[in-house]
Every structure is written in structure tokens, then in C-alpha cells.
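# Chains, contacts and geometry: an overview
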Amino acid sequence: MSSLLSRLGSAEVGLSALLHSLGELVAFASVSADPEAAHHVLGAAHWLRRALEDIGAETRLVCPRRARGGGAETSGHPIVLGRIVVDPSKPTIVFYGHYDVVGASGDGWLTPPFQLTVSDGCARGRGVTDNKAPIVAMIAMVSEVLRSGEPPPFNFAFVLDGEEEIGSVGFEKAISNECGWLAGEAGVACVLISNTYWLSDERPCLVYGLRGVVHLDVSVRGGSRSLHSGVHGGAVYEPTAELVAVLGTLVDQPTGTVRAPGFEKSVRPLGAEEEQLYDGVAFDADAYAKRTRASVRHVGKEDAARKLMMARWRQPCLSINQLSANANSNNLSVIPPTASAHISVRFVPDQTGAEMVEVVAAHLHAEFQKLRTPNALTVICCGGGEWWIGEPDSKPYQAAAHALESVWGQAPSFIREGGTIPVTSALERLMGAPAVHLSLGQASDNAHLDNERMSLQALYKGKQTLRQFIIFFAAALADEPEAARSR
């Protein structure tokens, strides 16, 4: 690996150096969900460890533990930890990112997904925007600060996750013993995360809220074997039909309202300050519908933009993600003995995951009872993550807003996202400091999709934004905003 430092003639990390490093990192097909890609995940972890050491960091690798059947555990992909202590009396900024990616088996790729391709002002490849380019930008920015000739205002630490795309199971426990080492004597000032996206490609955004999620496996079991529908159809209770019937009671399709009693209980009321934030968001409902290529609710109706934003960000929802019945057979005349579905439930402040599991499970069991069938319904919670809310008026968020405006020339919108990043709350607890989601990615980046990309402008300006954040945040902590603006 060619180090970042070896390619620098000055303190400035130019675009060519950023792309060279990003190309090396993208070449690792670090698909955490694929056991056959484990050597790529490990290779990416070691690349990052060397990159951190190249800029002067002490590093450690820690591996989360995952439960297996029978009480056994298995080791997960490494979390790469690094720290740079410039002055023990100064606080630390912790950078979080993840180097694992989702698969790239779709047939819509126009270029090799694990070979960085630069064209039309964009860098393309799996993991470019989610989340390898932000990691490269973070490392490059810190190298610039260290080489600037001025004493850095903070110490720096890195937490680079190898399993974010599969839920970061065991993450909190894995790094709990490393928090003191990462934080240093003066503690952590904030946790900086760049794993979110703008609403468009034009106006910067700062994400200050995320929904939580619980995942449910729902199944109906009947007999012990498959039956021929021509021989036994009409004579037996069919699990697939019963599962479909029960699932059909979950959501009122004309409105999208979840019918489970109590589903919207405990939702935090919309306050005046939050409502003002929505007023400042430029969201085009028609453009959103065109971009999603789906049938979108509210489009063409009064106040469509606000309704869509709230539906995506601050209201709970339920999605049926997967159905399975006769998955292992090409025989279309089979009545399967078992049918199953996977459901994800997104929840919001001040709901809890346990509350949502109870509400949805109770509804499913109540509806199943109405079928008067001898078959059995099971509902199992198989994972989840907490919601998270930041403080837009806090010093870290205001410093991030000033940084984005100073680089992009316009003030950012404060938005929420409907997805879930469970490590956000975990890192706040572990580090005893607020988290900030400083979005570098843009709406057209195609994260998780074919032809994932990031514009070269967003990559380079992203690194500049991170550096400006350091300046503005240091000034805010010192109550010297004018000093920051004059540098």
C-alpha cells in the first residue's frame, strides 16, 4: 500500500491522492454478509490500520463476538481503532466510519463494482459513498491538520467498523474496554459520523435524527411435509394463505396507517422548534417520486412535501420485507407446510423497541385467532437498533453547519433520516459525548444500489468540510466564534 503521507508534497491532500487511496480501499470486496469475502474484509481492516499508522496513530484491532447455537460464540470482523494524542490536556474527537459494504451482484452495474472508476465528475464503485470515501476524507483531513505546523486543537481517535451493514452485533461490548484508551485524559468532545446523505445534490444537509428498528420473523406452520395441491387442495388448512391473510391486516393500504392498536402510542408530539426546521427544508415531492421510481403517497396533494418528510422521518412505519413459502422447490403445485415473512418496524421518539414488538405481535396473534385454524403462528424478534436524536442548536451541530456553509456557500438544511444507525447511541453512551452526523454524501449517490458513486466535488469538499468543522468547533468550545471565522 502506498501511504497517504508518501504521496504528499505539502500539508494539502489533493484530489488525486484521495482517489488513489479510495481506489485501493474500494478494491477490497469487503462484503461483511458474505463468508466467502472474509479475506477481503480482513484485508480492508489491515489497509486501514496501516493508513492510520502512516499518519502517526497508535492502532488496535478488536473483534466483536456473535452468538451461535448452543451458547457458543464466533468472532466477527475487526473493528479498527486508532488514536493520535497531540496533547493529553486537550479533548478528543472520535471519528466513526464503517469499511464493510453490501453485495454488488446486481446486473445493472456499468463498471466493475470493486474497481474504482472515475468519469463524468464522479468516482464509482461499491462502498464509495457508503462509507469508504468519508473514511478516506477523515484520515486525509487529520493528516493535513497534523502537518499544518499549528498545534491541533484536539486529539483524534478513529473507530472503523467492519460489520455496520449486518447490524454491528457485539460492537458496544467489543469496544467498551477501549473507551478510556480512545478518549484520553481530557475525554471526548464529540463523535463525528459521516454516514448519511443530502436530500438533493444541491443543498447540504445535517442529519439530527434517526428512527429505530426492530426486525420480526413471522411464520405459520401446518403439517410436517409438503402436499400436492391437486390432491389435497381444499381439504387442508394452508399456512401460506393464512400468513397472507394475517399480514394483510397490518396496514391500511389507502392511507398507509398501521392498524395494530397502540402502534403510534408514545410518539413524541411535534414541537414548534422542530416544525420550524421542516419549514427550512427544500424538499421536492415530485422529484422524490421520480427518483424512487415507485408509487409515492401524497404526491400531487396539498402539503405533499411536509407529509412525505414526516412519514419518512418522524412517524413509525411497518414494512414487509420478505415472503417465503416454497423457496426450495420448482414444483408449483406444492402446498408448503410452513410459510414465513420478515417484517421491519421503524419506531421513533419516545417509543421503545420492546413496545413495538409487543404491539405488532399482539395484533398478529389476535388476527390469527380469528382464522380458527389448528396451525401455529410464531412471531420472533431477531434484532434491532435504537432511535437517536441530536441537538441542532448544540455547539457541535452549529460548528458543522458553519463548516458546510463555509465550504459550499449555503446554509445546510437540518433533517432527519428514516433509517437506523445503532452505533450512534452506543458511541454516545460509551464516549460520554454527543454525536454529530455530518453528511458528505448526496442524494444521487446510489448507496446500496448498482452504480454507487460520489461526485469528485463532494469528495474533495467533504475533506475541506471536516477540516472546517475542527476549526469552528474548537472556536465554539473556546467561545471564540470570531477567531474561527478569521482563520
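For every chain, the first residue of its written sequence is number 1, and the numbers climb from 1 along that sequence. Only residues with pLDDT of at least 70 get local features here, since the model is predicted, and only at 80 or more are side-chain atom pairs given and counted; chain-wide, interface and lining totals rely on the full set of residues. The side-chain values count all of the structure's non-hydrogen atoms but skip hydrogen atoms and water molecules.

### Structural notes on the layout of surface pockets
The method is simple in principle: a probe with the dimensions of a water molecule rolls over the atoms, and the space it marks as empty is what remains. Counted only if it meets this: Cavity: a set of points on a 1 Å grid over the protein atoms alone where a 1.4 Å probe fits but cannot get out. Pocket: an open set with protein on both sides within 12 Å along at least five of seven lines, its lining residues, like those of a cavity, having an atom within 4 Å of a point. Grid points are joined across faces, edges and corners, and a volume is the space filled by probe spheres set on the points. Every helix listed is a DSSP run of H or I at least four residues long, and every strand listed is a run of E at least two residues long, numbered separately from the N terminus. Residue classes follow a fixed rule: Ala, Val, Leu, Ile, Met, Phe, Trp, Tyr, Cys and Pro count as nonpolar, while Asp, Glu, Lys and Arg count as charged, and any other residue, Gly among them, counts as polar.
One number sums up the size of the second largest pocket: a volume of about 360 Å³. If you trace the second largest pocket, you find 16 residues lining it, with Y208, E273, E274, L277 and P392 closest to the centre. Take the lining of the second largest pocket: its biggest share by element is four residues, from helix α8 (residues 272-279). Grouping the constituent residues of the lining of the second largest pocket by class yields six nonpolar, three polar and seven charged.

### Examining the environment of Q322
What counts here: Any pair of residues with heavy atoms lying within 4.5 Å of one another is described as a contacting pair.
Tracing the backbone through its elements, the reader meets Q322 in strand β15 (residues 317-324). Considered as a pair, Q322 and H342 are 20 residues apart in the sequence and their alpha carbons are 5.0 Å apart. Dropping the residues within four chain positions of it, Q322 is found in contact with S340, A341 and H342.

### Regarding empty space enclosed by the protein
For the structure on display, the rule yields three cavities of 30 Å³ or more. Together, L199, S200, R203, C205, V281, A282 and S413 line the largest cavity. Looking at the lining of the largest cavity residue by residue, the classes come out as four nonpolar, two polar and one charged.

### Some remarks on the sheet that holds strand β17 (residues 338-347)
Applied cut-off: For two strands to be treated as a pair, DSSP must find at least two bridges joining them. The axes are straight lines fitted to the C-alpha atoms, using for helices just the contacting stretch, and the angles between their N-to-C directions are given from 0 to 180°.
One open sheet holds the four strands; their spatial order is β15-β17-β11-β18, and the pairing between them is antiparallel. Each having just a single partner strand, β15 and β18 (376-385) make up the two edges of the open sheet. Direction aside, the axes of adjacent strands within the sheet are offset by 20° on average. Pairing of strand β11 (residues 212-221) with β17, which is carried by ten bridges, proceeds in the antiparallel orientation. Considered in β17, the bridge of V214 is made with V345. Where helix α7 (residues 239-247) meets the sheet, its contacts fall on β11, β15 and β17, and the angle it forms with β17 comes to roughly 20°. Seen against the sheet, helix α11 (residues 353-369) touches β11, β15, β17 and β18 and runs at an angle of roughly 165° to β18.

### Structural notes on the packing of aromatic side chains
Geometrically, a pair of aromatic rings is defined through the distance of the ring centres and the angle of the planes. Put simply, the rule reads: Stacked, tilted and edge-to-face are the three classes assigned to paired rings of Phe, Tyr and Trp, where Trp is represented by its six-membered ring and a pair needs centres within 6.5 Å; plane angles under 30 degrees give stacked, over 60 edge-to-face, the rest tilted. The rule is simple: take the accessible area with a 1.4 Å probe, protein chains only, and divide by the maximum for that residue type; under 20% is buried, over 50% is exposed, in between is partly exposed. Note on criteria: charge over ring means Lys NZ or Arg CZ within 6 Å of the ring centre, with the direction from the centre no more than 35 degrees off the ring normal.
Applying the stated criterion across every chain yields a total of nine aromatic pairs. Ring plane angle 90° and centroid distance 6.0 Å describe the contact between Y96 and F171, whose orientation is recorded as edge-to-face. Of this pair, Y96 sits in strand β5 (residues 92-98) while F171 sits in helix α4 (residues 171-175), and the two are 75 residues apart along the sequence. Under the relative-accessibility criterion, F171 is labelled buried at 3%. Summarising the aromatic geometry, the rings of Y278 and W313 are spaced 6.0 Å apart at their centres and angled 20° between planes, so their arrangement reads as stacked. Highlighted residues: Y278 in helix α8 and W313 in helix α10 (residues 304-313), separated in sequence by 35 residues. In this structure W313 comes out as buried when scored by relative accessible area, which is 3%. Three or more aromatic residues link up through ring pairs in this structure, and these residues are F95, F156 and F158. Cation over ring: R60 sits above W181, and NZ or CZ is 4.1 Å from the ring centre.

### As for the nonpolar core
What counts, and what does not: In these notes, a set of buried Ala, Val, Leu, Ile, Met, Phe, Trp, Tyr and Cys residues joined through side-chain atoms within 4.5 Å is what counts as a nonpolar core.
Formed by 106 residues in total, the largest nonpolar core has its most connected members in F95, I175 and F469. Looking at this core element by element, the count peaks at eleven residues for helix α3 (residues 128-147). Ignoring any residue separated from it by four or fewer positions in sequence, one finds F469 in contact with I93, C190, L192, P396, A399, A400, A403 and L438. Counting 25 residues, the second-largest nonpolar core is a separate cluster that includes V218, F263, A341 and I343.

### Quick word on the sheet that holds strand β22 (residues 453-455)
Read across the open sheet, the three strands follow the order β6-β7-β22; overall the sheet is antiparallel. Each edge of the sheet is formed by a strand with only one pairing partner; in this case those strands are β6 (117-119) and β22. Looking at each pair of strands side by side, their axes are set apart by 20° on average, direction ignored. Here β6 pairs with strand β7 (residues 122-124) via three bridges, running antiparallel. In the sheet register, T117 faces β7, and the bridge partner there is R124. Set on the sheet, helix α14 (residues 456-477) makes contact with β6, β7 and β22; between it and β22 the angle comes to about 70°.

### Topic: the packing of helix α1 (residues 15-26) against α3
Let me state the cut-off plainly: Oblique is the label for every angle not falling under 35 degrees (roughly parallel), over 145 degrees (roughly antiparallel), or within 65 to 115 degrees (roughly perpendicular). Rotating anticlockwise by less than a right angle from the far helix to the near helix defines a left-handed crossing, while the corresponding clockwise rotation defines a right-handed one.
At a minimum axis distance of 10 Å, the contact between α1 and α3 shows a crossing angle of 135°. When the axes of α1 and α3 are compared, the pair comes out oblique. Classified by chirality, the crossing of α3 by α1 is right-handed. Across the interface between the two elements, L18, S21, L22, L25 and V26 from α1 touch V128, K132, A133, V136, A137 and A140 from α3. Its residues assigned to classes, the contact of α1 with α3 comprises nine nonpolar, one polar and one charged.

### So, the state of the cysteines
Disulfides are covalent bonds that link the sulfur atoms of two cysteine residues. Put simply, the rule is: Pairs of cysteine sulfur atoms within 2.5 Å are identified as disulfides in what follows.
Inspection of every chain in the model, using the stated rule, returns zero disulfides. C179 supplies the cysteine sulfur nearest to C63, a cysteine that is in no disulfide, at a spacing of 16 Å.

### Comments concerning helix α2 (residues 38-54)
Just so we agree on the cut-off: The span you would expect from a helix comes to 1.5 Å times its residue count less one.
Between its terminal C-alpha atoms α2 stretches 24 Å, which fits the 24 Å expected from 17 residues at 1.5 Å a residue. Along α2, the residues that are buried comprise V41, G43, A44, A45, W47, L48, A51 and L52. The inward-facing, buried residues of α2 contact α1, β1 (58-62), β4 (79-84), α3 and β8 (155-161). A positive backbone phi angle near 100° is found at G56, which sits one or two residues after α2.

### Section: helix α12 (residues 395-408)
Every α-helical turn comprises 3.6 residues, leaving residues that sit three or four positions apart pointing alike. Taking 1.5 Å as the rise per residue, α12 with 14 residues should run 20 Å; its terminal C-alpha atoms sit 20 Å apart, in good agreement. Inspection of α12 places P396, Y397, A399, A400, A401, A403, L404, V407 and W408 among the buried residues, and these make up the whole buried set. G409, located one to two residues past α12, shows a positive phi value of around 80°.

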